[in-house]
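Notes for the structure review
One letter stands for each residue in the lines below.
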Amino acid sequence: MSLQYFTPVSGLIGGSLIGLSAATLLLFNGDILGASGLMSSFVVAPVKTLTDPSQQWKLSFLAAFALTTRIYVTWIDPDALTDQRLGYGDSTVPIVSPLGFVIGGFLVGFGTRLGNGCTTGHGICGLARLSTRSLVAVLAFMATGVISASACSETCPFHPYLRDSFASVGKYLPTNTTITIGTVLASLAAGSAISGFLRKSPSPNAAKSEQDEYTNNRRKIIPSIVSAVFFAMGLVVSKMTVSSKIYGFLNMKGVHAGTWDPTLACVMGGGLVVSFLSYQLVKGFNVFKNNNALECPITQKNGGHFSIPTNKVIDRNLIVGEALFGLGWGVAGLCPGPAMFLAVVGYPNVVLRWWPSFYVGTFLAEMMKNIQIRKSSPSSN
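Criteria and cut-off values
Residues numbered from 1 in each chain as written. Predicted model: local features only at pLDDT ≥ 70, side-chain atom pairs only at ≥ 80, totals over all residues. Heavy atoms only, no water. Helix = DSSP H or I, 4+ residues; strand = E, 2+ residues; numbered from the N terminus. Rg over C-alpha atoms; globule rule 2.2 N^0.38 Å. Buried < 20%, exposed > 50% of the residue type's maximum accessible area, 1.4 Å probe, protein only. Contact = heavy atoms within 4.5 Å. Areas by Shrake-Rupley, 256 points an atom, 1.4 Å probe, with all protein chains shown as cover. Lys, Arg positive; Asp, Glu negative; His and termini not counted. Charge placed at Lys NZ, Arg CZ, Asp CG, Glu CD. Core = buried A, V, L, I, M, F, W, Y, C linked by side-chain atoms within 4.5 Å. Expected span 1.5 Å × (residues − 1).

To continue, consider the overall build of the protein. A tally of regular secondary structure across the protein gives 18 helices and 0 strands. Computed over C-alpha atoms, the radius of gyration of the protein comes to 21 Å, within 12% of the 21 Å expected from 2.2 N^0.38 for 381 residues, which places it in the range of a compact globule. If one aligns the C-alpha atoms of the protein with their principal axes, the spans along those axes are about 70 × 50 × 45 Å. Split into buried and exposed, the 381 residues of the protein put 51% on the buried side. Within the protein, counting contacts between residues at least 6 apart in sequence, those at least 24 apart form 79% of the total. Carbon and sulfur atoms make up 66% of the accessible area of the protein, which amounts to about 17300 Å² in all. Side chains of the protein carry 27 positive and 16 negative charges; the gap between the two charge centres is 6 Å.

Right, here's the structure in full:
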């Protein structure tokens, strides 16, 4: 078996940077790195996300992520998103059709909301704290991701609808319009973050708990910015923003063809190790004895706490949701993190098709979950 496309060093370095991103949010802010949860909050609770001081770190994260992305691809490495396999004329690399982006985005949005997580939330963070629930989620989306990516070949009846011709690659590159849209979105994120940063502090006569809450929320801003820089850098260094690296792993037919690329496993492994080590510093989640384990995040005092999921239930929503996420991942080759990166850069199908479909899926999944809650409540019986 040939491993000509395998890039283990960049995969491990990029994955470790993603792990550092998760570790920074955890240890300093007490928050979890979850790309799908972060982005879905703008649909599930838009007013709270944009105005609640406790959510300010999300806006700072997005602003720093967008700025890092634009700086990297504009000045540091303009060829960072170039797919060398396409440049070499490798026609075995799938070219996702516009409909493929719509279906993929919808399935990822619906699935990650229903299953409460994606490759970062369940994969990098959940597995790191030895969560059985996250293990089941990862197995579910990996299995269906492999199935959908491997099955969607020329013999698949859906191939003409989900894939485009190799000759059409050029029309999928950023245009002036979509670059402008990406710039506007980045500017909106930055503007929201700045307005939140300038939010008026409580009066000297305010209750101490209110003053402490304000201070804790402000202290989350710098770590969230650092975390975002690590996350953006990790995605681009590991090449998880290049579709052939995703399909190279998920498409098992590449094993026989000699094009299989296990780089994604190095990315997940590198991120998981760093994230696991960070949990050894958190009381109640450390596997190894640590008398100095943190009971409160580093920047949080007087009421600050770790916001770590403790749900251990393995239910239908988890399995079905993550399975749908995997299907969407295999169809379009995108999960929320790389999709954030490509949207800021201005890739048309990501901006105009994948993300709108993601939010439709997220909205419908949230509606479904609310219906389930109402039906299961005692007042409905």
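Turning to the environment of Lys-239, a few remarks are in order. Relative to the helices and strands, Lys-239 resides in the loop between helix H12 (221-237) and helix H13 (243-250). Separated by 28 residues in the primary sequence, Lys-239 and Val-267 place their C-alpha atoms 9.4 Å from one another. In this structure, Lys-239 is in contact with Asp-79, Ala-80 and Lys-245, ignoring residues within four places of it in sequence.

Residues Trp-329, Met-340, Val-350, Trp-354 and Trp-355 are the most contacted members of the largest nonpolar core, which totals 71 residues. Ranked by the residues each element gives to this core, the list is headed by helix H4 (residues 56-76), at 9 residues. Not counting chain neighbours up to four residues away, the residues in contact with Trp-354 comprise Phe-101, Gly-104, Gly-105, Val-108, Ala-332, Leu-334, Cys-335, Pro-336, Ala-339 and Asn-349.

The terminal C-alpha atoms of helix H15 (residues 263-279), which comprises 17 residues, lie 25 Å apart, in line with the 24 Å expected from a rise of 1.5 Å per residue. Taken together, the buried positions of H15 are occupied by Thr-263, Leu-264, Cys-266, Val-267, Met-268, Gly-270, Gly-271, Val-274, Ser-275, Ser-278 and Tyr-279. Among the structural elements, helix H1 (8-29), helix H7 (119-126), helix H8 (132-151), H13 and helix H16 (316-332) are those in contact with the buried residues of H15.

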